[in-house]
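Fold and contact review
So the chains spell out like this:
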Amino acid sequence: MAPITWLDKLEEQLNVDVDWMDPEYIKSMLPKIKFHDQTSNQLWVDIQLHHESNADLLKEVTKELKDQGWLAIYTRMAVLMCKKNIDNIQGRVLLQTLPSKAYDTAFTLSHARLYDAEFKRAGISRDRFCIKIPSTGPALNAAKILQQEGIQTLGTALFGVPQAVACSQAGCLYISPYYNETQAHDDPKLWPNVKDPATQHPNSPRVIQILEIYKKLYKETGREQPLVKNASFISPEEAMAAGEMGCHSATISHTVLNELASRPYDAASQPGQGEPKRTHAYKDARVLPARFAPLLAIDPLSPENKAALAQAAYVDYLADGGKKLDEAIAADPETAKRLKIALELFTGGENHSKEKVEEALKEAA
């Protein structure tokens, strides 16, 4: 019998998702693991759009949609590239609305609806996809409308408690708190490489606080709360911390997944132990482990930002076009900085894809 790996143990504690679009990689992990969801962003879409395996598909789609502009081609391509993975995962494929329009409610709504139409055209039902929406005031107002229309959303580029509460108010299915800032993946000086990420990583308090606020809101209102899909891990230890902290899923890069799959699990060597995932995330929510209790009262990322968590849960962040949320983001320098950098990074991927599609349009002319 094969030894239990870190990946096996993590899957016992939460749903393991793949943050990568390469169909060959996803197939290569079968039958070891059939991922729950497949997430993406503009960078991952751009990589696949430029991959030679999609060259003929791009020519075909460009020919069909050449009179509708680059975004129509990009959106159909993104959906069709996700379709290559749909039979090799258990749950949903996720695509993100344009980050360059993260403060434009009408555009975000329009692009999400275009994704919805393309998924329908591709034969992918609404229970098999989800649209990632940047966690800004204007974009989450679009998410609220989308949820009312039956289109599931995930609040992405999320770095703080007010954004998480706003996602709850929008009715999002998921949120993805970024455990590490995006720059830390390329600059080791920005990565807090700690022995026990669950208690020592500077973002762990925010993750714990979000989970506790959602449990509180569910208990008080009876309304379903977003499921916490933690993201942006650099090490296998951080992914394991997501399980111990009680996140409902973790979307993980192929590089970290490979490390998790290669390490035999030894409980004695772990700083803490997670619990098996629950049938219902909030109705059957676990009690916060004692070693996490101190994290409720601290915020290493913003020691001067003293807004009480109890108050944050009751602010209407979506009112007036999301004004209160954008004010809360501006009041937290670390969230404001990380959000700006993340949107700029993904916009770079968006622009590179736009160039690729425009080249295809010239060739099809």
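Cut-offs used in this document
- Residues numbered from 1 in each chain as written.
- Predicted model: local features only at pLDDT ≥ 70, side-chain atom pairs only at ≥ 80, totals over all residues.
- Heavy atoms only, no water.
- Phe/Tyr/Trp six-rings, centres within 6.5 Å; stacked < 30°, edge-to-face > 60°.
- Helix = DSSP H or I, 4+ residues; strand = E, 2+ residues; numbered from the N terminus.
- Buried < 20%, exposed > 50% of the residue type's maximum accessible area, 1.4 Å probe, protein only.
- Patch = residues over 30% accessible without salt bridge, like charges linked within 9 Å, V, L, I, M, F, W, Y side chains within 5 Å.
- Areas by Shrake-Rupley, 256 points an atom, 1.4 Å probe, with all protein chains shown as cover.
- Salt bridge = Lys/Arg side-chain N within 4 Å of Asp/Glu carboxyl O.
- Lys, Arg positive; Asp, Glu negative; His and termini not counted.
- Charge placed at Lys NZ, Arg CZ, Asp CG, Glu CD.
- Right-handed = clockwise from strand over helix to strand, strands pointing away.
- Pairing = 2+ DSSP bridges.
- Expected span 1.5 Å × (residues − 1).
- Core = buried A, V, L, I, M, F, W, Y, C linked by side-chain atoms within 4.5 Å.
- Contact = heavy atoms within 4.5 Å.

1. Quick notes on the packing of aromatic side chains
Within this structure, the stated rule accounts for seven aromatic pairs. Ring centres 4.1 Å apart and planes at 10° place the aromatic pair Phe-119 and Phe-129 in the stacked group. Of the two residues, Phe-119 sits in helix 6 (residues 105–121) while Phe-129 sits in strand 4 (residues 129–134), which places them 10 residues apart along the sequence. In this structure, Phe-119 and Phe-129 share a single accessibility class: buried.

2. Description of a negative patch on the surface
Together, Glu-355, Glu-358, Glu-359 and Glu-363 make up a region of like negative charge exposed at the surface. Looking at Glu-358, the relative accessible area reads 34%, which means it is partly exposed.

3. Description of the pairing of strand 5 (residues 153–158)
Judged by how many residues are buried, strand 5 sits mostly within the fold: six of six residues are covered. Crossover strand 4 to strand 5 through helix 7 (residues 137–148) is right-handed. Bridging between strand 5 and strand 6 (residues 174–177) involves three bridges; their strand directions are parallel. In the strand pairing of strand 6, Leu-154 is matched with Tyr-174. Each parallel crossover has a hand, and for strand 5 linked through helix 8 (residues 161–170) to strand 6 it is right-handed.

4. Some thoughts on the side chain of Thr-62
Within the secondary structure, Thr-62 is located in helix 4 (residues 55–65). Here Thr-62 falls in the buried class, since its relative accessible area comes to 1%.

5. Details of helix 10 (residues 204–221)
The terminal C-alpha atoms of helix 10 lie 26 Å apart, and with 18 residues this matches the ideal 26 Å at 1.5 Å per residue to within 8%. Counted residue by residue, helix 10 has 13 buried out of 18 residues, so it is predominantly covered. Backbone geometry just downstream of helix 10 places Gly-222 in the positive-phi region, at approximately 75°.

6. Examining the nonpolar core
Counting residues in each nonpolar core, the largest one holds 107 residues, and the members touching the most others are Val-16, Phe-35, Phe-119, Leu-140, Tyr-214, Ile-252 and Leu-260. Per-element tally for this core: the top contributor is helix 5 (residues 70–83), with 11 residues. If sequence neighbours within four positions are ignored, Ile-252 has contacts with Leu-10, Val-16, Asp-17, Val-18, Asp-19, Phe-233, Ala-239, Leu-257 and Leu-260.

7. A closer look at the pattern of salt bridges
Following the criterion strictly, the structure yields 26 salt bridges and no others. Between Lys-9 and Glu-12 there is a salt bridge; the shortest N-O distance is 3.0 Å. Of this pair, Lys-9 and Glu-12 both sit in helix 1 (residues 6–13), separated by three residues, roughly a single helical turn. With a relative accessible area of 18%, Lys-9 lands in the buried category. Here Glu-12 falls in the partly exposed class, since its relative accessible area comes to 37%.

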